[in-house]
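Given next are the chains, with one letter for each unit.
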Amino acid sequence: MFRTRIKNFVYPLLFMALAGGLAAIPFLKSCGFDRMVARVEEAVVQEPDSAISMLDSLSAGFLTEEEAALYALLYTEAVFEKEHHIHDSTLQVAYAYFVVGGKGDIPRALSVKLYYGLGLLEEGKQVEAFFALLDVYEQREALPGMHQKNLLCRYLGEIYRRNALYQEAERRFGEDSLGGLAERGERAEGTDARLAKDVAVA
């Protein structure tokens, strides 16, 4: 009878301990992911190789939808800082969640739009890139950091420079004309006349 009482007492305790441990797993995993995100965000600009290594060490198959989208955004940032290249298939995961799905916070959604615009520019879609980046520029104060604001102005400036739209750049950006937006110079080869027309009426 004594043993029966022990079993009746111990087994429920073991069950509750096991259930509690299983319930804690998502919380512990989330804490670990949040710590990794903080470390990656600190390293992504100055040490993109380290950021990529940290991301590669994570098993993406066990992430929630939100975590997978954030992982994709961070990976896109790190690869861009290292190679000045947009990893389109990775960015699409973040774009689907933050932009199309309208989930997550505004700063991260704007970050995704920034890299989307840079991807369009990389593909030679200068007009589409211009309007995508201009949309981000109009909400630039919500971008998460100065580095991204500088990237935005630099590449918008490059589009204006290629099309010799110096006065338009100065009119639109004024004090924010970074990277020589308003400088005078020779008209760039292969000026995109369609872009020049679109910018003039934008």
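Before reading on, note that the structure itself is shown above.
A few points on the structure. Within each chain, residue numbers correspond to sequence positions counted from 1 in written order. Side-chain atom pairs in this predicted model are given and counted only at pLDDT of 80 or more, local residue features only at pLDDT of at least 70, and totals for whole chains, interfaces and linings cover all residues. Hydrogens and waters are ignored; side-chain quantities use all the structure's heavy atoms.

1. Regarding the side chain of S111
Residue position: S111 is located in helix α5 (residues 106-122). Burial status follows relative accessibility: with a 1.4 Å probe on protein chains alone, a residue under 20% of its type maximum counts as buried, one over 50% as exposed, and anything between as partly exposed. A relative accessible area of 1% places S111 in the buried class. Note on definitions: a residue-residue contact is assigned when non-hydrogen atoms from the two residues lie within 4.5 Å. Apart from residues lying up to four places away in sequence, S111 is in contact with L73, L143, P144 and Q148. Numbering of helices and strands runs from the N terminus, with a helix taken as a DSSP run of H or I at least four residues long and a strand as a DSSP run of E at least two residues long.

2. A closer look at the packing of helix α3 (residues 65-83) against helix α7 (residues 146-162)
For the pair α3 and α7, interaxial distance at closest approach is 14 Å and the crossing angle is 60°. By the angle class used here, α3 and α7 are oblique. Between α3 and α7 lies a crossing of left-handed hand. Taking contact as the criterion, the partners of E77, F80 and E81 in α3 are, on α7, H147, Q148, L151 and Y155. The angle between two axes is taken between their N-to-C directions and runs from 0 to 180 degrees, where each axis is a line fitted to C-alpha atoms and a helix contributes only its stretch in contact. Roughly parallel refers to an angle under 35 degrees, roughly antiparallel to one over 145, roughly perpendicular to one between 65 and 115, and oblique to any angle outside these ranges. Each crossing is labelled by how the near helix is turned from the far one, with a counterclockwise turn of less than a right angle marking it left-handed and a clockwise turn marking it right-handed.

3. Digging into the packing of aromatic side chains
Any two of the Phe, Tyr and Trp rings considered here, Trp counted by its six-membered ring, make a pair once their centres fall within 6.5 Å; the pair's planes then place it as stacked at under 30 degrees, edge-to-face at over 60, or tilted in between. Using the criterion set out here, one finds seven aromatic pairs in the structure. The interplanar angle of 80° and the centroid separation of 5.8 Å between the aromatic rings of F130 and Y160 together place this pair among those described as edge-to-face. Placement of F130 in helix α6 (residues 126-137) and of Y160 in helix α7 is noted, with a sequence separation of 30 residues between them. With a relative accessible area of 0%, F130 lands in the buried category. Accessibility expressed as a relative area gives 1% for Y160, which makes it buried. Site record: aromatic cluster; members linked through ring pairs are F80, Y115 and Y155.

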